[in-house]
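Chain and residue survey
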Amino acid sequence: METKKTNLSEYNADAVPSGKGLHIAIVVAEWNATVTDNLLQGAYDTLVQFGTQEKDITVVHVPGSYELTSMADHLLTIAPHLDAVICLGCVIQGETRHFDFICEAVAHGITEVSLRHDSPVIFGLLTTNNMQQALDRAGGQHGNKGIEAAVTALKMCSLYNKLNDEPWSFNLE
Ligand code: RBF
């Protein structure tokens, strides 16, 4: 069924925490690069818009979405000061079962990595039936999931930092 809302990437800028002083890695898959380039642009621009310095944003390209997880894990192991890792990729349904295997592996993998390290790892994987659906969500009529991934990263960094500073305070307003 067609998504009713047209732009799913609308957000309240006042509710987005500052990205100033944060170190963030973006891991992006080369498969379906027309789509993932747009996701990367959306995520990168959003981080800069909210104050993250360009020198503090590390972009790492991996061959395919399947490699997102191992690279996120590796980066957090060698650079534990990273405040967040954003994973971006695009898997498009084909005639064989690769779609299910890759999507499941990435979803479980990202959850595992985020539990193994003390920094949020953001799931920015498009899993679509065709290229048009992917383009619609990578700067097209349904917004840009890269922007949403960056906003989620900023919100999660803020939550982690607040709780790390004051672990017993549950009033996070
Ligand atoms: N990677 C993607 O990021 N998106 C895809 O749509 C995609 N389709 C694939 C289809 C097949 C049949 C195979 C074997 C791989 C595909 N990959 C895709 C690449 C995958 O994520 C990974 O890079 C390779 O399987 C090497 O580990």
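These lines cover the structure that appears in this document, whether it is placed above or below. Keep in mind that what you see is a predicted model, and the values were worked out from it rather than measured.

**Some words on the sheet that holds strand S1 (residues 24-29)**
- Spatially, four strands are ordered S2-S1-S3-S4 in an open sheet, and the strand pairing comes out parallel. Bordering the open sheet on either side are strand S2 (57-62) and strand S4 (121-128), each of which pairs with just one other strand. Neighbouring strand axes in the sheet, compared pairwise and without regard to direction, differ in orientation by 15° on average.
- Of the strand pairs in this sheet, strand S3 (residues 84-92) and S4 are connected by eight bridges, and their pairing is parallel. Note on S4: the bridge partner recorded for Ile86 is Ile122.
- The strands that helix H3 (residues 98-116) touches are S3 and S4; relative to S4, the one it contacts most, it runs at about 170°.

**Let's talk about the site of the ligand**
- Neighbouring the ligand are Trp31, Asn32, Gly64, Ser65, Tyr66, Glu67, Cys90, Val91, Ile92, His98 and Ile102.
- Interatomic distance of 3.4 Å between a side-chain N/O atom of Asn32 and an oxygen atom of the ligand.
- Residue Tyr66 places a main-chain N or O atom 3.0 Å away from an oxygen atom belonging to the ligand.
- When isolated, the ligand has an accessible area of 540 Å², and the protein chains bury 67% of it.
- Elements supplying a minimum of two residues to the shell around the ligand: S3 and H3.
- Sorting elements by how many residues they give to the shell around the ligand places S3 first, with three residues.
- Its residues assigned to classes, the shell around the ligand shows six nonpolar, four polar and one charged.

**Concerning the nonpolar core**
- Ile26, Leu47, Ile86 and Leu88 are the most contacted members of the largest nonpolar core, which has 28 residues in total.
- Elements that contribute at least two residues to this core include exactly S1, helix H1 (33-49), S3, S4 and helix H5 (145-165).
- In this structure, Leu47 is in contact with Ile24, Ile26, Thr52, Ile57, Ile86, Ala150 and Leu154, ignoring residues within four places of it in sequence.
- Listed in part, the 21 residues of the second largest apolar core include Val27, Val85, Val91 and Val113.

**Describing the side chain of Asn144**
- Mapping Asn144 onto the fold places it in strand S6 (residues 143-144).
- At a separation of 2.7 Å, a polar atom in the side chain of Asn144 contacts the main-chain amide nitrogen of Gly146.

**Some words on the pairing of S1**
- Counting buried positions over the six residues of S1 gives six, a clear majority of the element.
- Neither face of S1 is left uncovered, since the one carrying Ile24, Ile26 and Val28 and the one carrying Ala25, Val27 and Ala29 both have all their residues buried.
- With six bridges connecting them, S1 and S2 associate as parallel partners. Across the sheet, the residue bridging to Ala25 is Thr58, located in S2.

**Notes on the packing of aromatic side chains**
- Considering all chains together, one arrives at one aromatic pair under this definition.
- Ring centres of Tyr11 and Phe50 lie 6.0 Å apart, and the angle between their planes is 55°; on these two criteria the pair is classed as tilted. With Tyr11 in the segment before S1 and Phe50 in the loop between H1 and S2, this residue pair connects regions lying 39 residues apart in the sequence.
- Judged by its relative accessible area of 12%, Phe50 falls in the buried class.

Each value, and the rule that gives it
Residues numbered from 1 in each chain as written. Predicted model: local features only at pLDDT ≥ 70, side-chain atom pairs only at ≥ 80, totals over all residues. Heavy atoms only, no water. Pairing = 2+ DSSP bridges. Helix = DSSP H or I, 4+ residues; strand = E, 2+ residues; numbered from the N terminus. Axes fitted to C-alpha atoms, helices over the stretch in contact; angles between N-to-C directions. Contact = heavy atoms within 4.5 Å. Near = heavy atom within 4 Å. Polar contact = N/O pair within 3.5 Å; in protein donor to acceptor, adjacent residues only side chain to side chain. Areas by Shrake-Rupley, 256 points an atom, 1.4 Å probe, with all protein chains shown as cover. Nonpolar A, V, L, I, M, F, W, Y, C, P; charged D, E, K, R; others polar. Core = buried A, V, L, I, M, F, W, Y, C linked by side-chain atoms within 4.5 Å. Buried < 20%, exposed > 50% of the residue type's maximum accessible area, 1.4 Å probe, protein only. Phe/Tyr/Trp six-rings, centres within 6.5 Å; stacked < 30°, edge-to-face > 60°.

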